[in-house]
There are 2 protein chains.
Amino acid sequence: MQLSWAVFLLVFWVYPGYLQDIPPRDDVARVARFVANQCGWASMATISSRDPVKGQPFSNTFSVSDGPLGSGTGVPYMYLTRLEISVQDLQVNSQASLSMSLAQTDFCRKYAYDPQSPLCAHIIFSGSVVEVNDTEAVVAKNALFLRHPEMADWPSDHDWFFAKMNITQVWVLDYFGGVKTVTPEDYYNAKPYKLHLGKSAMKCPLRFCDNIQLWSEVYFHSSGA
Amino acid sequence: MQLSWAVFLLVFWVYPGYLQDIPPRDDVARVARFVANQCGWASMATISSRDPVKGQPFSNTFSVSDGPLGSGTGVPYMYLTRLEISVQDLQVNSQASLSMSLAQTDFCRKYAYDPQSPLCAHIIFSGSVVEVNDTEAVVAKNALFLRHPEMADWPSDHDWFFAKMNITQVWVLDYFGGVKTVTPEDYYNAKPYKLHLGKSAMKCPLRFCDNIQLWSEVYFHSSGA
């Protein structure tokens, strides 16, 4: 019993570090999954459908979530409205690119990495943005509303819908030597966190209760419960 | 003398707030200049020139600077290398879009604004990215190296050059009701900071010495020196 409590407290103690530890830089797919899970927002590039920039690239900011911090699925979900300027672009051409950078987290500040440095790891998804429905819309809603609770109060007359980036290519800038690519298959198979126990907690209604689930899994597993 | 010291200390005391105060939301050009000056990095959308995503939009992260915090010029300067994947896109098609969001600063966290909320103000530039030379390259270097001191040590064999976004349209998402547009002329004429004294300190070699210049200007002006 004493040992199991020691393990439980140890997991509590190391947990913040566990959530912030970037995987080894040469483990590119894991790095990509780590960045995707750590980032709460992304920049989306579309081909503009609006004058006077029709046909030109257009960059915009969107909140994203692939699930709880520490146990995301890698799928970048978004909550969109057709009233939004970039979403109107997507209705004409659904091809898009999402970039996410650890510059938006404390990671790069902590290590004093410039946002443009590859050490301040950033990733780029190429693909298309598609609406999700039925079961996947529930998954998307849980993933998004957990990390963006304000979304639950966004105006109901805005025709909101859940969407995801259908990834065809992952580009990773995480170290010197130029961009690296990861296939969607390798990306989704990667385990970004060392202590990842393989059980999603996305149905958990409370912020951080996925962490409690993780701790309790470690505790009960180690205590033989 | 007592009064002038009081003014000097007051400016010291209010200065941090002055640097963080967003202009009134309906003063759109000022908001755009404020966001551009507060943000140290941007997401750039280009049209990809690389297989297998040739012709598709591509999003990537770049450090930017329009000058010292509190007295920028509004011109988003960048330090680029032709080895970089998005810069290779620009060599084929220089049309680009830069988005910057206060989500990257403490502002949105302080007020608990979701990154996708328009209250977490974000701006988008449309235009093209062009190399700058001669006198403007010196201005760009001072603006960038002041806010990104790591750049001075980036590898010299990477063929770095200074560039700027040649802005043709500014899009502002800073309040409910949809995107607003600002002409480049109105954008460059706007004064984002209440206490802006109109004197650039971009040649100042020290981080924050522009602030000292501002304080001293207020002090000497108020004391009649």
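Database annotation for chain A, UniProt heading Sequence similarities (unreviewed entry): "Belongs to the CREG family." In the Subcellular location (unreviewed entry) part of its UniProt record, chain A is described as follows: "Secreted".

## Things to note about the relation of the copies chain B and chain A
With an axial shift of 0.0 Å and an RMSD of 0.0 Å, the rotation relating chain B to chain A amounts to 180 degrees. The two molecules are tied by a two-fold rotation axis, judged by turn and shift. Comparing contact sets, 100% of the residues at the interface of chain B also lie at the interface in chain A, consistent with an isologous, same-surface contact.

## Describing the UniProt feature "domain: CREG-like beta-barrel" (unreviewed entry) in chain A
Residues annotated by UniProt as "domain: CREG-like beta-barrel" (unreviewed entry) correspond here to residues 23–189 of chain A. Secondary structure over residues 23–189 of chain A splits into 26% helix and 32% strand, and the C-alpha atoms at its two ends are 14 Å apart.

## Description of the packing of aromatic side chains
A full pass over the atoms with the stated rule returns 29 aromatic pairs over all chains. For the ring pair Trp171 of chain A and Phe58 of chain B, a centre distance of 5.4 Å and an interplane angle of 90 degrees mean the geometry is edge-to-face. Placement of Trp171 of chain A in strand β6 (residues 160–173) and of Phe58 of chain B in strand β2 (residues 57–63) is noted, with the two residues assigned to different chains. Taking 5.9 Å as the distance between ring centres and 50 degrees as the angle between the ring planes, the aromatic pair formed by Phe145 of chain B and Phe162 of chain B counts as tilted. Pair noted here: Phe145 of chain B is in helix α5 (residues 134–147) and Phe162 of chain B is in strand β6 (residues 160–173), with a separation of 17 residues, a long-range link. The exposure classification of Phe145 of chain B matches that of Phe162 of chain B, with both residues buried. One aromatic cluster is present, formed by Tyr79, Phe145, Trp154, Trp160 and Phe162 of chain A through successive ring pairs. Looking at Arg33 of chain A, its charged tip hangs above the ring of Tyr187 of chain A, at a distance of 5.7 Å from the centre.

## With respect to the nonpolar core
Judged by nonpolar contacts, the single largest core of 80 residues is most densely connected at Met100 and Phe125 of chain A together with Met100 and Phe125 of chain B. Sequence-distant contacts of Phe125 of chain A, defined by excluding residues within four places in its chain, comprise Ala36, Pro76, Ala96, Ser97, Leu98, Met100, Met165, Ile167, Gln169, Val170 and Tyr187 of chain A.

## A word on the interface of chain B and chain A
Contacts between the two partners involve 49 residues from chain B, matched on the other side by 49 residues from chain A. Considering only the surface of chain B that becomes buried against chain A, Trp41, Pro57 and Gln116 of chain B emerge as the three largest contributors, covering 18% of it. The interface formed by chain B and chain A holds zero salt bridges in total. Counting every contact that joins chain B to chain A gives 17 residue pairs in polar contact (both at pLDDT 80 or more). For the side of chain B that touches chain A, the elements supplying multiple residues, two or more each, are β1 (41–47), β2, β4 (95–101), β5 (122–131) and β6 of chain B. The dominant element in the side of chain B that touches chain A, judged by the number of residues it contributes, is β2 of chain B, at seven residues. Looking at the side of chain B that touches chain A residue by residue, the classes come out as 23 nonpolar, 20 polar and six charged.

## Notes on the environment of Trp41 of chain A
Structurally, the position occupied by Trp41 of chain A is in strand β1 (residues 41–47). With 21 residues separating them in the primary sequence, Trp41 of chain A and Phe62 of chain A have C-alpha atoms 5.6 Å apart.

## Brief notes about the state of the cysteines
All names here are of chain A. In total, this model carries two disulfides over all chains according to the counting rule given. Cys108 provides the cysteine sulfur closest to Cys39, a residue in no disulfide bond, and the two sulfurs are 8.9 Å apart. Judged by its relative accessible area of 0%, Cys39 falls in the buried class.

## Here we look at helix α3 (residues 85–92) of chain A
Inspection of α3 of chain A places Ile85, Ser86, Val87, Asp89 and Leu90 of chain A among the buried residues, and these make up the whole buried set. By the N-cap criterion, in which a side-chain oxygen at the helix start approaches the backbone nitrogen of a residue two or three places on, α3 of chain A is capped by Glu84 of chain A, the distance to Ser86 of chain A being 2.7 Å.

## Things to note about the pattern of salt bridges
Per the stated rule, a full pass over the model turns up 12 salt bridges over all chains. Note that Glu131 of chain B and Arg82 of chain B form a salt bridge whose closest N and O atoms lie 2.9 Å from each other. Taken together, the residues span a long stretch of sequence, with Glu131 of chain B in strand β5 and Arg82 of chain B in the loop between β3 (77–81) and α3 (85–92) at a distance of 49 residues. Overall, Arg82 of chain B belongs to the partly exposed group, its relative accessible area being 27%. Linked through salt bridges whose partners overlap, the residues forming this network are Arg82, Glu131 and Asp159 of chain A.

## Concerning the confidence of the model for chain A
Residue and element names in this part refer to chain A. For chain A, mean pLDDT is 85; residues scoring 70 or higher make up 77% of the total. In the model, residues 196–225 has pLDDT below 50 throughout and makes 50 contacts with residues more than four positions away in sequence or in other chains. Overall fold confidence for the complex sits at a pTM of 0.82, while the interface term, ipTM, reaches 0.82.

About the cut-offs
- Residues numbered from 1 in each chain as written.
- Chains lettered and ligands numbered in written order.
- Predicted model: local features only at pLDDT ≥ 70, side-chain atom pairs only at ≥ 80, totals over all residues.
- Heavy atoms only, no water.
- UniProt positions renumbered as here; feature names shortened; annotations may be inferred.
- Least-squares fit on C-alpha atoms with pLDDT ≥ 70 in both.
- Contact = heavy atoms within 4.5 Å.
- Helix = DSSP H or I, 4+ residues; strand = E, 2+ residues; numbered from the N terminus.
- Phe/Tyr/Trp six-rings, centres within 6.5 Å; stacked < 30°, edge-to-face > 60°.
- Buried < 20%, exposed > 50% of the residue type's maximum accessible area, 1.4 Å probe, protein only.
- Lys NZ or Arg CZ within 6 Å of the ring centre and 35° of its normal.
- Core = buried A, V, L, I, M, F, W, Y, C linked by side-chain atoms within 4.5 Å.
- Buried area = accessible area lost by both parts, 1.4 Å probe.
- Salt bridge = Lys/Arg side-chain N within 4 Å of Asp/Glu carboxyl O.
- Polar contact = N/O pair within 3.5 Å; in protein donor to acceptor, adjacent residues only side chain to side chain.
- Nonpolar A, V, L, I, M, F, W, Y, C, P; charged D, E, K, R; others polar.
- Disulfide = S-S within 2.5 Å.
- pLDDT = per-residue confidence, 0-100.

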